[in-house]
Amino acid sequence: MAIVRGFQKNYQSPITNYQNEDKMAEDKLPTRAEDFSEWYNQLVVRADMADYSPVRGCMVVKPYGWALWENICSWLDAEFKKTGHVNAAFPTLIPMSFFEKEKEHVEGFAPELAVVTHGGGQELEEKLAVRPTSETIIGHMYAKWVKSWRDLPLLIVQWGSVMRWELRTKLFLRTAEFYWHEGHTAHASEEEAKEEMYRILDIYERFCLEEAAIPVFKGTKSETERFAGAQITTSIEAMMWDKRALQSGTSHYFGDNFSKAFEIQFLNKDNKLTYAQTTSWAISSRIIGAMIMVHGDDNGLVLPPRLAPIQAVVVPIFKNDVEKEKVMEVANRLFAELKAAGVRVKFDDRDNVSSGFKFNDWEMRGVPVRVEMGPKDVEKGTVALARRDKPGREGKTFVSQDGIADTVKTLLTDVQASLLKRATEYRDSNIHDAKTFDELKKVVQDGWAFAYWCESTECEKKVKEEAKATTRNIPFHQPDAEGKCVVCGKPSKRKVYFAKAY
RNA sequence: CGGGGCGUGGCGCAGUCCGGCUAGCGCGCUUGCUUUGGGAGCAAGAGGUCCCGGGUUCGAAUCCCGGCGCCCCGACCA
């Protein structure tokens, strides 16, 4: 990975008395404005989230990144269980023939399959694909399990990883192997299956708003952007700092496409053999990339408090052993109070780095709140509280040591809310109505366009070719009025978001 | 799969054009002392099949041939 050295000359140090400007500059990230892609690449590694692996296109998720992922998973898992879903595990390897059973599915996934050809030193009679997604094998099993309307609905979630042979990869955003959950459900009726699809999309939306502090639009994907084999694909779409769009979760309705391919049939109440209606849905580890790109700033990661592996870090400051003893005693007490109050707190007692280093270090890692205390604080009964969403000294306030747990908890709530507010305002100020094709082309250079569209593939294709933007989704919330397609001028009932996307 | 760049201690690089003697530098790491309120200093250390294979040569990180790998930019995709 190339570290870009040319940024040194542009860097304005906020610290005036630092002796070695060059060294300081090298330690900084490139700013987002200078090189967003490089900012991201360096940040993911330096914040200790993930590392490059010896396997092409695959990442190693480090403990700090995985802890974040676990927090994401546990919230979602709880929601899925509340809505009647259960977890199960299916094989990583799938017979190749399974992919040929659903025509669109094979067309969509065949180019990106990793295939196992040998086992135990022998060439296999039937090659096995490393799952790129599990509709096929789960469909196969569902066919065995579903015989009666009493067996439905079948609501199963699998947590694991899948593999798609991606040509260009980027940590978290697009890796050959990635982590996710995939829900696969089978229902007796179309209504019920569609309800399920929307129910899950609502959970995804709430996750993004309440937990990740990322505003999203729920909507329907166009025909060309639809999942391979789906009749309806819905998605939640988020805007990153560079104004590109990221599909952050999807929920699909398959109708009977997969149940016909895999013969998932049951006897309904009228004793008629009927194909089941199926859905599938997923949020992947790319959501971590979304959090980085929505909230991160030029000092590093900014994690939403509700998901942050470490919500608060206690940093003691002292000059000598006498001071150390006094400071450590109080710092330990505050740490214990925070821990007892259920705050995910870390005590940074490293003695080989300076406090200034620690401040920058925890800012790089995105810890939402920092509790600093030195000899002066011990005397005054105060601590310095630094909130990550306002980096540097401006985010610092001095508060009483009394009731520190409540103070920190309130601040965490406040940070969580302000991240969502900031992200929402940023997004909304970068979405513009486009009434003409020229306007649209201009808008998507640096933002999203919201425009009427006739929903024809031809117009969509034209936008893609000439504006290099794709349709993101047709949001559920639509204006009352109708309009004219931004491309061809034909009457249009619904508006769509156009944007450059990841 | 097209275009570009690069493979040299853990990381980032110099050296390669024009072959030469103990392969350097910065960061990091280890130990010690002094430090610690916004990226500390000094000292002493540890650490290298110069991507791989072959060739040319008295001699190859450097030249030649052939591989492999990685990163970036495009097309495609969660």
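Residues numbered from 1 in each chain as written. Chains lettered and ligands numbered in written order. Predicted model: local features only at pLDDT ≥ 70, side-chain atom pairs only at ≥ 80, totals over all residues. Heavy atoms only, no water.

Caption draft 1: Focus on the packing of helix α3 (residues 63-82) against helix α8 (residues 286-295). Relative orientation of the contacting elements α3 and α8 amounts to 105°, with a least axis distance of 10 Å. By the angle between their directions, the pair α3 and α8 is classed as roughly perpendicular. Contacts between α3 and α8 involve G65, L68, W69 and I72 from the first element and I287, I288 and M291 from the second. The residue makeup of the contact of α3 with α8, split by class, is 6 nonpolar, 1 polar and no charged. (Axes fitted to C-alpha atoms, helices over the stretch in contact; angles between N-to-C directions. Helix = DSSP H or I, 4+ residues; strand = E, 2+ residues; numbered from the N terminus. Parallel < 35°, antiparallel > 145°, perpendicular 65-115°, else oblique. Contact = heavy atoms within 4.5 Å. Nonpolar A, V, L, I, M, F, W, Y, C, P; charged D, E, K, R; others polar.)

Caption draft 2: Representation of the protein's contact with RNA strand B in the model. Lining the immediate environment of RNA strand B, one finds 49 residues, of which R168, R174, R286, S355 and D377 sit closest. In the interface set of RNA strand B, defined as its atoms within 4 Å of the protein, sugar plus phosphate atoms amount to 49%. One nitrogen or oxygen atom from the side chain of S37 is found 3.4 Å from a phosphate oxygen belonging to RNA strand B. When contributions to the surface near RNA strand B are tallied by element, the ones reaching two or more residues are α1 (21-27), α2 (36-46), α10 (355-364), α11 (375-380) and β19 (396-400). (Near = heavy atom within 4 Å. Polar contact = N/O pair within 3.5 Å; in protein donor to acceptor, adjacent residues only side chain to side chain.)

Caption draft 3: Examining the pairing of strand β14 (residues 277-284) more closely. For β14, the buried fraction is high: 8 of the 8 residues fall into the buried class. Neither face of β14 is left uncovered, since the one carrying Q277, T279, W281 and I283 and the one carrying T278, S280, A282 and S284 both have all their residues buried. Relative to β14, strand β8 (residues 177-187) runs antiparallel, the two sharing 8 bridges. Paired with H181 across the strands is I283, a residue of β14. For strand β11 (residues 245-255) and β14, the ladder comprises 5 bridges, and the chain directions are antiparallel. Residue T250 lies in a different strand from β14, and its bridge partner there is A282. (Buried < 20%, exposed > 50% of the residue type's maximum accessible area, 1.4 Å probe, protein only. Pairing = 2+ DSSP bridges.)

Caption draft 4: Representation of the sheet that holds β8 within the structure. Spatially, 8 strands are ordered β3-β7-β8-β14-β11-β10-β9-β23 in an open sheet, and the strand pairing comes out mixed. Strands with a single pairing partner mark the edges of an open sheet, and in this sheet they are β3 (86-87) and β23 (474-475). This element, α8, spans β10 (232-239), β11 and β14 of the sheet and lies at about 145° to β11.

Caption draft 5: Helix α9 (residues 321-340), seen in detail. Its 20 residues place the ends of α9 28 Å apart at the C-alpha level, agreeing with the 28 Å of an ideal helix rising 1.5 Å per residue. Every buried residue belonging to α9 is among E323, V327, M328, V330, A331, L334, F335 and L338, and all of these are buried. The opening residue of α9 is N320, an N-cap whose side-chain oxygen sits 3.2 Å from the backbone nitrogen of V322. Of the residues flanking the end of α9, it is G342, one or two places downstream, whose phi is positive at about 90°. (Expected span 1.5 Å × (residues − 1).)

Caption draft 6: Representation of the domain arrangement of chain A in the model. The domain boundaries assigned to chain A delineate domain 1 (6-48), domain 2 (60-294), domain 3 (312-411) and domain 4 (431-499). The C-alpha centroid of domain 2 is placed 39 Å from the C-alpha centroid of domain 1. Here domain 1 and domain 2 share an interface that buries about 1100 Å² over both sides, 68% of which is from carbon and sulfur atoms. It is F36, Y40 and D48 in domain 1 that bury the most area against domain 2; as a group they hold 56% of the surface buried on that side. Here domain 1 is connected to domain 2 by 1 salt bridge. (Domains from an automatic or database assignment. Buried area = accessible area lost by both parts, 1.4 Å probe. Salt bridge = Lys/Arg side-chain N within 4 Å of Asp/Glu carboxyl O.)

Caption draft 7: Representation of the packing of α9 against helix α12 (residues 404-429). It is at 8 Å that the axes of α9 and α12 come closest, and there the two elements cross at 60°. When the interaxial angle is binned, α9 and α12 end up oblique. Considering the relative orientation of α9 and α12, their crossing is right-handed. Here L334, E337 and L338 of α9 come into contact with α12, specifically with I404, A405 and V408. A breakdown of the residues in the contact of α9 with α12 according to their chemical character gives 5 nonpolar, no polar and 1 charged. (Left-handed = near helix turned anticlockwise from the far one by under 90°.)

Caption draft 8: Just the sheet that holds β19, in detail. Across the sheet, which stays open at both edges, the 5 strands sit in the order β16-β15-β17-β18-β19 with mixed pairing between neighbours. The two strands at the open ends of the sheet, each matched to only one other strand, are β16 (345-347) and β19. Adjacent strand axes in the sheet meet at a mean angle of 25° when their direction is disregarded. When strand β15 (residues 312-316) meets strand β17 (residues 369-373), the two strands line up parallel, connected through 5 bridges. The residue of β17 that forms the bridge with V315 is E372. Sitting on the sheet, α9 is in contact with β15, β16, β17 and β18 (382-387), with an inclination near 160° to β16. Across the face of the sheet, α12 comes into contact with β15, β17, β18 and β19 while running at roughly 15° to β18.

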